[in-house]
Amino acid sequence: GESVGLHLPTLSVQEGDNSIINCAYSNSASDYFIWYKQESGKGPQFIIDIRSNMDKRQGQRVTVLLNKTVKHLSLQIAATQPGDSAVYFCAEKITGNQFYFGTGTSLTVIP
Amino acid sequence: GAVVSQHPSRVICKSGTSVKIECRSLDFQATTMFWYRQFPKQSLMLMATSNEGSKATYEQGVEKDKFLINHASLTLSTLTVTSAHPEDSSFYICSAHNAGSTSNQPQHFGDGTRLSIL
């Protein structure tokens, strides 16, 4: 369901290290999930998506893992760069084209 | 492709003013657009679903008379915050779904409107 009123968890990583950002979702019927990146003062940008018939999907430097058993989603960023610093949200499809967003994680990359 | 433009990017106005925010899909048609509100260091909260040619669907707790939504064309939805008060100050973000796309496709977001009510 929707995460309301929760403050963002934070994650700090050294430049060049890998980052793992986690997300728990609530609706076992959700069949589509998206990771978005939001920079300060901007709208969310699409990073990668995954359908529920998959466990893993890879993009450029990013991998999304889906564990439907425990309703868990993760985003892995390889060789994290300063430009990756942002807030990352997972979103689950609820009905039709409607999505609910997770709490979000603020990623800070230390040069 | 799939660009969503939101205007204005920032509004500062006095309490009691009504403020209109526009959301346009620039290179695709959107039968459905979504309006979100985001408070500092919090997640996006879905306020309403805007449907072209019909009434918007509001989430529980969102006052439809306070947040008026109009979706008169396939490329434009507007959100009007009526008689805005300081507690309405927030970051309002719209997104749009490409009417020509298949199911399970991402929404495309505008860059948000920072609303500050004095």
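The rules behind each value
Residues numbered from 1 in each chain as written. Chains lettered and ligands numbered in written order. Predicted model: local features only at pLDDT ≥ 70, side-chain atom pairs only at ≥ 80, totals over all residues. Heavy atoms only, no water. Helix = DSSP H or I, 4+ residues; strand = E, 2+ residues; numbered from the N terminus. Rg over C-alpha atoms; globule rule 2.2 N^0.38 Å. Buried < 20%, exposed > 50% of the residue type's maximum accessible area, 1.4 Å probe, protein only. Areas by Shrake-Rupley, 256 points an atom, 1.4 Å probe, with all protein chains shown as cover. Lys, Arg positive; Asp, Glu negative; His and termini not counted. Charge placed at Lys NZ, Arg CZ, Asp CG, Glu CD. Pairing = 2+ DSSP bridges. Axes fitted to C-alpha atoms, helices over the stretch in contact; angles between N-to-C directions. Salt bridge = Lys/Arg side-chain N within 4 Å of Asp/Glu carboxyl O. Contact = heavy atoms within 4.5 Å. Core = buried A, V, L, I, M, F, W, Y, C linked by side-chain atoms within 4.5 Å.

Helix and strand counts for chain B come out as 0 helices and 11 strands. For chain B, the α and β elements follow one another from N to C terminus as β-β-β-β-β-β-β-β-β-β-β. Relative to the compact-globule value of 13 Å for 118 residues, chain B shows a C-alpha radius of gyration of 14 Å, a close match. The buried share of chain B, taken over its 118 residues, is 53%. Carbon and sulfur atoms make up 49% of the accessible area of chain B, which amounts to about 5500 Å² in all. For chain B, the distance from the average position of its 10 positive side-chain charges to the average position of its 9 negative side-chain charges is 6 Å.

Strand pairs in the sheet, formed through backbone hydrogen bonds, run parallel or antiparallel to each other. All names here are of chain B. Strand order across the open sheet formed by 4 strands is 1-3-8-7, with antiparallel pairing between neighbours. Each edge of the open sheet is held by one strand with a lone partner, namely strand 1 (4–7) and strand 7 (67–73). The sheet shows a mean angle of 15° between the axes of neighbouring strands, direction not considered.

Residues and elements named next belong to chain A. All chains considered together, the criterion is met by 8 salt bridges over all chains. Between Asp31 and Lys93 there is a salt bridge; the shortest N-O distance is 3.4 Å. You can see Asp31 sitting in the loop between strand 2 (19–24) and strand 3 (32–38) and its partner Lys93 sitting in strand 8 (residues 86–95), a full 62 residues away along the chain. Here Asp31 falls in the partly exposed class, since its relative accessible area comes to 29%. The partner of Lys68 in a salt bridge is Asp55, and the shortest N-O contact between them spans 3.3 Å. Of the two residues, Lys68 sits in the loop between strand 6 (62–67) and strand 7 (72–77) while Asp55 sits in the loop between strand 4 (45–51) and strand 5 (56–58), which places them 13 residues apart along the sequence. Overlapping salt bridges, with partners in common, bring together Lys37, Glu39 and Lys42 in one network.

Residue and element names in this part refer to chain A. Mapping Gly104 onto the fold places it in the loop between strand 9 (98–101) and strand 10 (105–110). We classify Gly104 as buried; its relative accessible area is 10%. If we ignore the near neighbours within four places in the chain, the residues touching Gly104 are Leu8, Pro9, Val87, Tyr88 and Phe89.

Here the focus is the nonpolar core. Within the largest apolar cluster, 24 residues are counted, with the highest numbers of intra-cluster contacts made by Trp35, Phe67, Leu79, Tyr92 and Leu115 of chain B. Put simply, the parts of the chain that give this core at least two residues each are strand 2 (10–13), strand 3 (19–25), strand 4 (32–38), strand 5 (45–51), strand 7, strand 8 (76–81), strand 9 (90–97) and strand 11 (113–117) of chain B. Grouped together as the second largest cluster of nonpolar side chains are 19 residues, Tyr25, Ile48, Ile50 and Cys90 of chain A included.

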